[in-house]
Protein chains: 2
Amino acid sequence: LSRRLTRAFASAKPPPSLFAALDTFPERHIGPDGHEASHMLSTLGYDSMEAFVDAAVPSKIRVSPTVVSKESIPAFSESELYHRAKQLGSYNKPFKSYIGMGYHNAVVPPVILRNVMENPAWYTPYTPYQPEIAQGRLESLVNYQSMVMSLTFMDIANASLLDEATAAAEGMVMAYMHCGQKKKTFFVDNGVFPQTLSVLQTRAKGFGIHLIVGNASTALDDEILRSDLCGIMLQYPDVNGSINDYGPLTKSVHATGALVVCATDLLALTMLKPPGEWGADIVLGNSARFGVPAGYGGPHGAFFAVSDKLKRKMPGRLIGRSRDTTGKTAYRLALQTREQHIRREKATSNICTSQALLANMAALYAVYHGPVGLRHIAHKVHGLTQALKYSVERLGFKVVNNDFFDTLTIDVSGVVQNSDIVHRASAAAGINLRRVDDKHIGLSLDESVGPVDWTALVNVFASAASADPISVSDVSPAETHSIPSALWRTSEYLPQPVFNKHHSETEMLRYIFHLASKDLGLVHAMIPLGSCTMKLNSTSSMIPLTWPEFSGVHPFAPIDQVKGYLHIIKELEEDLCRITGFHACSLQPNSGAAGEYAGLTVIRAYHESRGEGDRDICLIPLSAHGTNPASAVMAGLKVVPVKTHTDGNLDLDDLKLKAKQHKDKLAAFMITYPSTFGVFEEGITEACQIIHDHGGQVYLDGANLNAQIGLTNPATCGGDVCHMNLHKTFAIPHGGGGPGVGPICAAQHLAPFLPSHPLVATGGDQAIGAVSAAPFGSASICLISWAYIKMLGGQGLADSTKIALLNANYMAHRLSGHYSLRFKNGKGRVAHELLIDLAEFDKAAGLKVTDFAKRLQDYGFHPPTCSWPISTCMLIEPTESETLEEVDKFCDAMIQIRREVEDIITGRQPKENNVLKNAPHPLSVIAVSDKDWNRPYSRHTAAYPAPWLLERKFWPTISRIDDAYGDLNLICDCPSVEELAS
Amino acid sequence: LSRRLTRAFASAKPPPSLFAALDTFPERHIGPDGHEASHMLSTLGYDSMEAFVDAAVPSKIRVSPTVVSKESIPAFSESELYHRAKQLGSYNKPFKSYIGMGYHNAVVPPVILRNVMENPAWYTPYTPYQPEIAQGRLESLVNYQSMVMSLTFMDIANASLLDEATAAAEGMVMAYMHCGQKKKTFFVDNGVFPQTLSVLQTRAKGFGIHLIVGNASTALDDEILRSDLCGIMLQYPDVNGSINDYGPLTKSVHATGALVVCATDLLALTMLKPPGEWGADIVLGNSARFGVPAGYGGPHGAFFAVSDKLKRKMPGRLIGRSRDTTGKTAYRLALQTREQHIRREKATSNICTSQALLANMAALYAVYHGPVGLRHIAHKVHGLTQALKYSVERLGFKVVNNDFFDTLTIDVSGVVQNSDIVHRASAAAGINLRRVDDKHIGLSLDESVGPVDWTALVNVFASAASADPISVSDVSPAETHSIPSALWRTSEYLPQPVFNKHHSETEMLRYIFHLASKDLGLVHAMIPLGSCTMKLNSTSSMIPLTWPEFSGVHPFAPIDQVKGYLHIIKELEEDLCRITGFHACSLQPNSGAAGEYAGLTVIRAYHESRGEGDRDICLIPLSAHGTNPASAVMAGLKVVPVKTHTDGNLDLDDLKLKAKQHKDKLAAFMITYPSTFGVFEEGITEACQIIHDHGGQVYLDGANLNAQIGLTNPATCGGDVCHMNLHKTFAIPHGGGGPGVGPICAAQHLAPFLPSHPLVATGGDQAIGAVSAAPFGSASICLISWAYIKMLGGQGLADSTKIALLNANYMAHRLSGHYSLRFKNGKGRVAHELLIDLAEFDKAAGLKVTDFAKRLQDYGFHPPTCSWPISTCMLIEPTESETLEEVDKFCDAMIQIRREVEDIITGRQPKENNVLKNAPHPLSVIAVSDKDWNRPYSRHTAAYPAPWLLERKFWPTISRIDDAYGDLNLICDCPSVEELAS
Ligand SMILES: Cc1ncc(COP(=O)(O)O)c(C=O)c1O
Ligand SMILES: Cc1ncc(COP(=O)(O)O)c(C=O)c1O
Ligand SMILES: O=C([O-])O
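Thresholds, definitions, all that
Residues numbered from 1 in each chain as written. Chains lettered and ligands numbered in written order. Predicted model: local features only at pLDDT ≥ 70, side-chain atom pairs only at ≥ 80, totals over all residues. Heavy atoms only, no water. Least-squares fit on C-alpha atoms with pLDDT ≥ 70 in both. Contact = heavy atoms within 4.5 Å. Buried area = accessible area lost by both parts, 1.4 Å probe. Salt bridge = Lys/Arg side-chain N within 4 Å of Asp/Glu carboxyl O. Pairing = 2+ DSSP bridges. Helix = DSSP H or I, 4+ residues; strand = E, 2+ residues; numbered from the N terminus. Right-handed = clockwise from strand over helix to strand, strands pointing away. Near = heavy atom within 4 Å. Polar contact = N/O pair within 3.5 Å; in protein donor to acceptor, adjacent residues only side chain to side chain. Areas by Shrake-Rupley, 256 points an atom, 1.4 Å probe, with all protein chains shown as cover. Nonpolar A, V, L, I, M, F, W, Y, C, P; charged D, E, K, R; others polar. Axes fitted to C-alpha atoms, helices over the stretch in contact; angles between N-to-C directions. Core = buried A, V, L, I, M, F, W, Y, C linked by side-chain atoms within 4.5 Å. Buried < 20%, exposed > 50% of the residue type's maximum accessible area, 1.4 Å probe, protein only. Phe/Tyr/Trp six-rings, centres within 6.5 Å; stacked < 30°, edge-to-face > 60°. Lys NZ or Arg CZ within 6 Å of the ring centre and 35° of its normal. Expected span 1.5 Å × (residues − 1).

What should I look at first to understand the relation of the copies chain A and chain B in this one?
Mapping between the two chain copies consists of a rotation about an axis together with a translation along that axis. In the superposition of chain A on chain B (RMSD 0.0 Å, axial shift 0.0 Å), the rotation amounts to 180°. The relationship between the two copies is best expressed as a two-fold rotation axis. Here 100% of the contact residues of chain A are again contact residues in chain B; the copies associate through an equivalent surface.

Rendered as structure tokens:
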């Protein structure tokens, strides 16, 4: 044998037993193998992993290795996980749900299912902070915005929010802010979905908004109410299926200066006069029926559209058209100054991760069907609903709503004693209907309904009525629509070319691949975004997601139908508690920021339960992520900043001072650990003690949990509650900007307050209410984190943490001497990420962080997190999934850039026209004619600064974005026929 | 509404009824919509589709529209098809098969499953005839070759053959040819798989090879036999699991001048002394257990390796390393001069389409596991087999073979009366064992076996023996191996870097995406390869393929377990008969060429059955595809060429002359219809009549069936038997060079002769024997064609044909005036493809067909078929799946190239240094420094000759390949550590 192979054979750990599975996951998940880890350890001067870990992590917060271990979490191999998921999936019963209430049986076009939802090129990229390597999904998100604007007839729409209920809450808060926080009454029509109402109630509390529920068409005459009104919330069509003409009401509300917020349904809007035409100010809803599976509640994209005057106050990501430095049209995140990462406690929304992948699926669905296809779908759904109404009425049932699109509320009392009789008949047929009350049932039809489904559905009623079965041939289409004529849509929709040409599968496939080809994802290279933990999103963990037994489940299905889901949820909750050291868990929050808000609200409820409801001060270090202060404000807290020392450590004296000063009002302290500066501070336990001593609770922002698992945990650090970003630490792919899951784990004393849900029992017995539309939030993707934990097992989880620390420290070592590491601990170690400061290069050569970031793109890398938490810095996080080779390549690139910088500092290259300032260099720039290549360096230097790039390179597709131009000329929809022609 | 949308709404066909499905397939499959079709028709001067079709297709061969119609083949919508496939899948029973015989339960690494097998970027490209846009799969195929060379220890290996049995047949014929066709005895050891034997028998007949079956270790002493021996065939380990030391035998065979052909198993070779070390000349087998699902028989890649002296006679695709014009390493098809398309009747193999996709999966499996991983897998399989042997022996059973890798033959007679008792116990446990005889059963273990499987398996024996159940804890690993020590492998394998670095999933994912990024597939642009019919491979038809209920089935599973498969097979056969007008169908042939061979062999058998066995003349037009004459020779026929007129039509006088001349010996006439020149000849029926009048049979090459469906058919044209390329006309993706399915349909008088199988009842009652290893060939992918037909329905099929004709004729119209169309019919129409002649440009400007082809790559297009069937021509086939926009873009590109040519003709551009001669222009060439850009045109002209390319362009990754260099310096494996270091 060759020396190399002999060594490989000898050193490869043999399987532990004859029967041991060989498709074990840790070796696939963790990048460096044993040799590489040893190499890195010895480079850093350690002779064992333990010695290294001891230097990085303070001993006083270490937990016993038995907490997260082989024994406490046994590992499944990849195929064992597959079989386990199949088994649990079989415990979910495949009922057909007509429950509606915002959730439908979506039909995902196979070309989108396979090539977007199941394609890592789409699901692994990050939020498009780097537009030059993200034009694909940016274009698609603009399509999403255009689709929403067109169907709602609103001036502007964002690129998705978390779900309909939280979108409604954002709308309510916008109304409240719009009225200067002076008018405090928000009126909710009783046609609004109950889950939306519950989230509104929770959210109203934080802001001190006075929520009134009633019949909007009658209640709003009350003058007292009108004088304090900041907004109203309507559902169109409403929960019972009725379609009301809200035009007059809207006029009357506008007369008070309040806003009209309207939840609606995109498919219905192909037939209904859109809210933008009758005056709504804010229009929102769930876009999942455009080809996104129900997934037991999510994820899916909520849409959110406003009138022009409100656009600069709109929450969420907004994509705008701008241009690059060559003048080419280019897309990018617009108006970022609205967002929490800039405005912090002045932001009115904490939204960060949204639902990019699902928004893109919905947009592509509209692209594939186009206006004509959508119209056919809507007409069919409506026609089948009409036929159903006619048929059940012939059986003696009474349909309560005369006007409808796809939803009927049926009074069954003329035929049966109790609606239970109908529900029993439906259960026998494998069908779920909406439970309204003893006399009424509800149902909503959707695109998935074929003749067999329809017949089964109508015969639930026939059987309940003891009548003869009905067949399709008994039915003839209605002559006219069941939509009020005044509310019939006459305006056009989706006229833009993009919605009118990709209708063959071949064209669609090419469009999908074309878009994907512009975006850098984990399929191309490391994405070392600090604080974002872009690790492997394994195929094994993704596969079960799109199985119908998981993707097809309605979130309000009876719990005896969802035993598989509940089992997975329970196991995941237990494992997360084990990992965090806490007592109880809620999977309901749909993002990290939503977790923060939920956790802080739990803390407030806890104080209140002890008669300390006026504790409303939240201490937050200046280095905190923008979501922290924004979430605190949403939870009704006042933010008081805490200083940090120049060595990066929390200023414990300042903390003590502030805690003392606010002693009687101290509610909470929010801290990220290891810190956003990338070090494990020794002072953590002391800091927590200070807070507890002053009556406060500690919220631990778990974004950096990847540095903790198995070595320490939030409870041991002194926290009372924390959120996790399952889309970071627990390997849910970031989807190009979402979905996410931000569960919270809490200590025993906080457990009673965990979020509940109006329709499905969950949460504590003194729950804060709902924080998301669905009982378990984005339940389907919890499967991914469940699989991740189960396949790594405790041992693999702890090993991952160690390698994450090792990779970061090795990188810090290699970059030292070239770049200045901003912070490290007393033993010279960073945590799982490192912060390098580039300030010196601004002084020496006029180079900003952005110049380094854009130049890294030329090397085929996604830049690290830029200018956060310190504006002159880059925060670099390699994660455990990157091999030594990739880590070294990244370091080589950084070092080579440092050499390029030296040329600028020494004047060998000019300050204004150099490889950094002109970066990135897309193809179209390289391929210009000689006369246009006015650069003092060669094309080769521009494009291939490192040798490996000749073999493998990801190319940016535009040159540097012009941000200012875009914000000045805000255009957020896709080009029209006319624009394209010109 | 806007004018455009109003028109769209008005003209869109509304759904035919309230209940009609909306996710109908024809609109997605067919590129041009109604408007576009009308536009093309009117451009061509027709006022209806019917008028156009009448001009293109001769009236005398038209069939009634009722033959292939809405009624005769009703259409399923995409979701209906999904449910139907689910239902039929549920009829396949999920037994665990240990039948072995070359088929195992492969474990497909999920990262390969999702990103290769389920990724259209991998499955839609064509055979890599254009290396500049195919470096990804070429590199991967070289990995495959390297893997095979290394594991077998042979000098050279090709890039896959169709299956193990046909590979064995190729080996036999090589041996026969090697001995100058003088020695006619080929000896097959009785340890060879029965399905291989059957295919050898069929194939031997065509060549007049004398096949003897017996015990090789004893029978070969016979001097008479030795004197006529051209080769022997061995199985290592053999069908019963025994491992024999064939070294001495090989010496003895070599002494006669004969060759030793050895079928083997790649996994076993990680532990066994490889055949290359003990002297085998040809080594082959099935590589499916390297991560390719059994799929009820296929597809999978067969490997084929030979010693150096045989390399220039080796069948199949061979990939070699060469360089491009800049000196960069580049891969391409090597030694094409060996192949049928060059050598025609002098070729000894007809192989064309092979198994690229499956070979790539197997290669990537080896890349992912590496030598260490493979070794662990092999040791585990072997260890579990040992444990099984030990356990069943304790129960009183007797294992017949002392040496084994993974296969045991067990004498059960000491414990039970009859082996049926064991088979009944196994059936009760959901397990299949190999049926040997009344006293013996066989079984083979594989990578998929876990403790639960193993326990269930061993307890089949416990239960048959009425003994207590055995559990895993009763078992301890054996102390030593059960492999003869002389046959223990000591040589290394897979030392190359590519097999030793991509072992984390992240690295693997990036490697897979990196390779894919170099290859142009249907996901990027039209692939207008004439005669290849590169149409949409719809996602709906691909999805069921990888469901376990279809992918996990062993080809020799009892037929009551495969009712779903048999149903689909039956429906597909019936539909193919309806479409071709024939009586019976065989799905067994694994490619078009294999279909030709099967069909001609059927014709021979027919003649023989009538006492006309000496009919052995096959008339073939000069314009025929190379596979035709090659197949004819394999079927034992002598090829007599027939002329064509300069107008492209068959020379009927010459045909009559030849038919008459060979009247008594005339066996067959092979004809492609419409002709390879792309026209429906009027003379077809007359030609067939001539053949029939002279006692011959007509073989219709169905490669161009896409022009016929619903309008005419092979039976009506006058044929007796035809093959179809399901991987062309019926939408099986080409997989970058395979898989394929080449079923034959035959008239009633030929039906009795259709291929049979030794283990599963199929075919006619006077069958020619087997032509493939599995009873229904590559059964799993027949699902795709079944779905294609069922989703289009008869109407959609006929409409597809019409649009395919229309697209081609529209293209001919647009190109006329710029290029000379070589052939058209009397009414000025071509069929579904068009042949343009570029000879004039060679004269005028020294430009060859290749120059045009390479320049088309710069425009982002895959070139059409080049220099076939006429060396100065391009054969262009757009198919029905391309939209008018794409067709127009292609025409624009061709017209623009024509302008570029004009510049060369007129001397504005030099003859030797111009955009065509230098094409293609990859990135690395564009990005060179100014001093190296020694071209009389700009980079922009090179890279962006058409405006749409700035927005969307597929880039070649190398400059023009240097073919001669590669054939001179034949290197067919991947770079070693040393090479990469230098
Ligand atoms: C430290 C920190 N906290 C909170 C968040 C917010 O998480 P999410 O984006 O899931 O809302 C982030 C996101 O990057 C973060 O880095
Ligand atoms: C006319 C014709 N006949 C036969 C074949 C052989 O088919 P296959 O490649 O499937 O063996 C081809 C393939 O291109 C062809 O074009
Ligand atoms: O997503 C972040 O804002 O880090």
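Where do I start with the interface of chain A and chain B in this structure?
Accessible area lost upon the coming together of the parts serves often as the stated size of an interface. Every contact between the two is made by 105 residues of chain A and, on the other side, 105 residues of chain B. Carbon and sulfur atoms supply 59% of the area buried between chain A and chain B, which totals about 8,400 Å² over both sides. On the chain A side of the contact with chain B, F19, R28 and R114 of chain A bury the most area, a combined 11% of that side's loss. Joining chain A to chain B, the criterion identifies ten salt bridges.

Just checking my understanding: could you explain the pairing of strand β4 (residues 210-214) of chain A for this structure?
Looking along a regular strand, one sees the side chains alternate between the two faces of the sheet. All names here are of chain A. Here strand β3 (residues 185-189) runs beside β4; their pairing, made up of five bridges, is parallel. Bridging from a neighbouring strand, T185 pairs with H210 of β4. Read from β3 through helix α10 (residues 194-207) to β4, the crossover connection turns out right-handed.

Even after reading the chapter, I still don't get the site of ligand 2, so can you show me in this structure?
Residue and element names in this part refer to chain B. Of all residues adjacent to ligand 2, which total 15 residues, the nearest are T353, S531, D701, H727 and K728. At 2.6 Å, a side-chain N or O of H727 approaches an oxygen atom of ligand 2. In this structure, an oxygen atom belonging to ligand 2 sits 2.7 Å away from a side-chain N or O atom of K728. In isolation ligand 2 has 390 Å² of accessible area, and contact with the protein removes 98% of it. Here the shell around ligand 2 takes three residues from helix α23 (residues 592-609), the largest share from any one element. Residues that form the shell around ligand 2 fall into these classes: four nonpolar, eight polar and three charged.

So what exactly am I meant to see when it comes to the sheet that holds strand β16 (residues 584-586) of chain A here?
In a beta sheet, neighbouring strands pair by backbone hydrogen bonds and run either parallel or antiparallel. Residues and elements named next belong to chain A. Across the sheet, which stays open at both edges, the seven strands sit in the order β16-β22-β21-β20-β19-β17-β18 with mixed pairing between neighbours. Sheet topology places β16 and β18 (638-642) at the edges, where each strand pairs with a single neighbour. Averaged over neighbouring strand pairs, the angle between their axes works out to 25° when direction is ignored. Pairing analysis gives three bridges linking strand β17 (residues 617-621) to strand β19 (residues 666-672), with the strands arranged parallel. In the sheet register, L619 faces β19, and the bridge partner there is F669. Each of β17, β18 and β19 touches helix α25 (residues 652-661); the most contacted strand, β18, lies at about 150° to it.

Looking at this structure, I do not really get the nonpolar core. What am I missing?
Where a protein is soluble and globular, its nonpolar side chains tend to be buried together. Of all hydrophobic cores here, the largest spans 680 residues; its most connected members are M147, L443 and F461 of chain A together with M147, L443 and F461 of chain B. Apart from residues no more than four positions distant in its own chain, F461 of chain B is found in contact with V392, L395, F397, I410, V422, L433, I441 and L443 of chain B.

Teacher, can you tell me more about the sheet that holds strand β12 (residues 407-411) of chain B here?
Residue and element names in this part refer to chain B. Taken together, four strands build an open sheet; the order of strands is β11-β12-β15-β14 and the sheet is antiparallel. Looking at which strands have only one partner, the edges of the open sheet turn out to be β11 (398-399) and β14 (434-435). Strands in contact with helix α16 (residues 356-394) are β11, β12 and β15 (440-444); relative to β12, the strand with the most contacts, it is inclined by about 10°.

Looking at this model, I keep getting lost on the packing of aromatic side chains. Mind explaining?
In this description, an aromatic ring pair is defined by two values, namely the gap between the centres and the angle between the planes. The final tally for this structure, using the stated rule, is 52 aromatic pairs over all chains. Plain terms: the ring middles of Y176 of chain A and F207 of chain A are 6.2 Å apart, the flat faces sit at 70° to each other, and that makes the pair edge-to-face. With Y176 of chain A in helix α9 (residues 164-178) and F207 of chain A in helix α10, this residue pair connects regions lying 31 residues apart in the sequence. Given the relative accessible area of 9%, F207 of chain A is considered buried. With centroids separated by 5.6 Å and ring planes inclined at 75°, the aromatic side chains of Y103 of chain B and F556 of chain B adopt a geometry described as edge-to-face. With Y103 of chain B in the loop between β1 (96-97) and α6 (110-117) and F556 of chain B in the loop between α21 (548-551) and α22 (563-580), this pair connects stretches of sequence that are 453 residues apart. The pair Y103 of chain B / F556 of chain B is uniform in exposure class, with both members buried. An aromatic cluster is present here, built from Y82, Y296, W547, F550, Y565 and F776 of chain A joined pairwise through their rings. It is K86 of chain A that lies over the ring of W547 of chain A; its NZ or CZ is 4.0 Å from the centre.

Looking at this model, I keep getting lost on the pattern of salt bridges. Mind explaining?
Two side chains with opposite charge may pair up if their charged atoms get near one another. Inspection of the entire model under this criterion finds 104 salt bridges over all chains. In this structure, R321 of chain A and E979 of chain A form a salt bridge, with 2.6 Å as the shortest nitrogen-oxygen distance. In this pair, R321 of chain A sits in strand β9 (residues 319-324) while E979 of chain A sits in helix α35 (residues 977-981), placing the two residues 658 residues apart along the sequence. The class of R321 of chain A is buried, set by a relative accessible area of 9%. Of the charged contacts in the structure, one is a salt bridge between R578 of chain B and D575 of chain B, with a shortest N-O distance of 2.9 Å. Taken together, the residues span about one helical turn, with R578 of chain B and D575 of chain B both in helix α22 at a distance of three residues. Relative accessible area serves as the criterion here: at 31%, R578 of chain B is assigned to the partly exposed category.

What exactly am I supposed to notice about helix α31 (residues 884-905) of chain B here?
Each full turn of the α-helix corresponds to 3.6 residues, which orients residues three or four apart in the same direction. For α31 of chain B, with 22 residues, the first-to-last C-alpha span of 31 Å sits near the 32 Å given by 1.5 Å per residue. Positive phi shows up at G907 of chain B, right after α31 of chain B, with a value of about 85°.

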